[in-house]
Structure formats: C-alpha cells, structure tokens
Amino acid sequence: MSRIGHIDDFDDNSSASLQVDHLELLAVKKDGELFLYENRCPHANTELDPMGGSVATDRGMLLVCQHHGAEFLSHSGECVAGPCLGESLRAIPFTLSNGDIYLD
C-alpha cells in the first residue's frame, strides 16, 4: 500500500488534486469524511480541475467540472447535472489508518 497523506492535509468541504505514481487523483473531504476519485470527467475524459483549486461547492456537496460544468455528488461521484448525467467518477479504493491515507 502506498501512503498518500494524512486526512488533516485536506481542507474540509473542499477538493485537492494529487498525483501518485502515474495516477491523477482527486481527494474530496466532506464534513470530515474523505472520498478519493480518479481525476477524470467521464464526459470529456480530462481532469476536473485544469484551472487548479478546489472544484467543490462551498459546502462540499457537489464537485463541478471546470471544463463543461458537470456536477457530481461528492460522496458518491454520481453525475447529477450536465453532459454526463447518470455516469460517475471512478472511485479509488483506499484505507484510512490513524488518519493516514493508503491506496489499496
């Protein structure tokens, strides 16, 4: 397992891009809970955040693709608005141990 950070490294109700080996990842922390996705929009097959910064809304409920405005639920990755409606971000399995985050 590869350690990618600590849960406290991420701001609550926000997202952050990570590169681990060859994987482009998006870490999302919503109300203290962490979610990890491949940083790829299923519509455009490009990263969600080419302009940088968080793609999470102010309360972290939605992730908004900076390319075409597709909206994804932060806790499930499901697209609920935009050109990829009904598709989902690809969840990346991880383990949280004593606050440390490890890719499975």
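Please refer to the structure higher up on the page.
These notes cover the structure that comes with them.

Procedures and definitions
- Residues numbered from 1 in each chain as written.
- Predicted model: local features only at pLDDT ≥ 70, side-chain atom pairs only at ≥ 80, totals over all residues.
- Heavy atoms only, no water.
- Buried < 20%, exposed > 50% of the residue type's maximum accessible area, 1.4 Å probe, protein only.
- Helix = DSSP H or I, 4+ residues; strand = E, 2+ residues; numbered from the N terminus.
- Pairing = 2+ DSSP bridges.
- Polar contact = N/O pair within 3.5 Å; in protein donor to acceptor, adjacent residues only side chain to side chain.
- Contact = heavy atoms within 4.5 Å.
- Salt bridge = Lys/Arg side-chain N within 4 Å of Asp/Glu carboxyl O.
- Axes fitted to C-alpha atoms, helices over the stretch in contact; angles between N-to-C directions.
- Core = buried A, V, L, I, M, F, W, Y, C linked by side-chain atoms within 4.5 Å.

1. Some thoughts on the pairing of strand β3 (residues 23-30)
1) Next: The element β3 is extensively covered by neighbouring structure, given that 6 of its 8 residues are classed as buried.
2) Next: In this sheet, β3 lies alongside strand β2 (residues 14-20) in antiparallel orientation, the contact comprising 7 bridges. In the strand pairing of β3, Ser14 is matched with Lys29.
3) Next: As paired elements, β3 and strand β4 (residues 33-38) share 6 bridges and run antiparallel to each other. Bridged to Leu25 within β4 is Glu38.
4) Next: Counted along the chain from β3 to the antiparallel partner β4, the turn is 2 residues long, and its residue Asp31 has a positive phi close to 50 degrees.

2. Remarks on the side chain of Ser14
1) Next: Inspection of the secondary structure puts Ser14 in strand β2.
2) Next: A distance of 3.3 Å separates polar atoms of two side chains, one belonging to Ser14 and the other to Ser54.
3) Next: Ser14 has contacts with Ala27, Val28, Lys29, Ser54 and Ala56, leaving out every residue within four places of it along the chain.

3. Concerning the pattern of salt bridges
1) Next: Tallying each qualifying case throughout the model produces 3 salt bridges.
2) Next: A salt bridge links Asp100 to Arg3, with the nearest nitrogen and oxygen atoms 2.9 Å apart. Taken together, the positions of Asp100 in strand β9 (residues 100-103) and Arg3 in strand β1 (residues 2-6) put the pair 97 residues apart, joining distant regions of the chain.
3) Next: With relative accessibility at 47%, the residue Arg3 sits in the partly exposed group.
4) Next: Taking the shortest distance from any N to any O, the salt bridge between Asp31 and Lys30 comes out at 2.8 Å.

4. Things to note about the sheet that holds β9
1) Next: Ordered by their spatial adjacency, 3 strands build an open sheet running β1-β9-β8, and the pairing between neighbours is antiparallel. Because the sheet does not close on itself, it has two edges, and the strands there are β1 and β8 (94-97). Strand-to-strand twist in this sheet, taken as the mean axis angle between neighbours without regard to direction, amounts to 30 degrees.

5. Points about the nonpolar core
1) Next: Counting residues in each nonpolar core, the largest one holds 15 residues, and the members touching the most others are Leu48, Leu63 and Phe72.
2) Next: Of all the elements in the fold, those that place two or more residues in this core are β3 and β4.
3) Next: In this structure Phe72 touches Cys41, Pro42, Leu48, Met61, Leu62, Leu63, Cys65, Gly77, Glu78, Cys79, Cys84 and Leu89, once residues within four positions along its chain are discounted.
4) Next: Counting 12 residues, the second-largest nonpolar core is a separate cluster that includes Val20, Leu25, Ile101 and Leu103.

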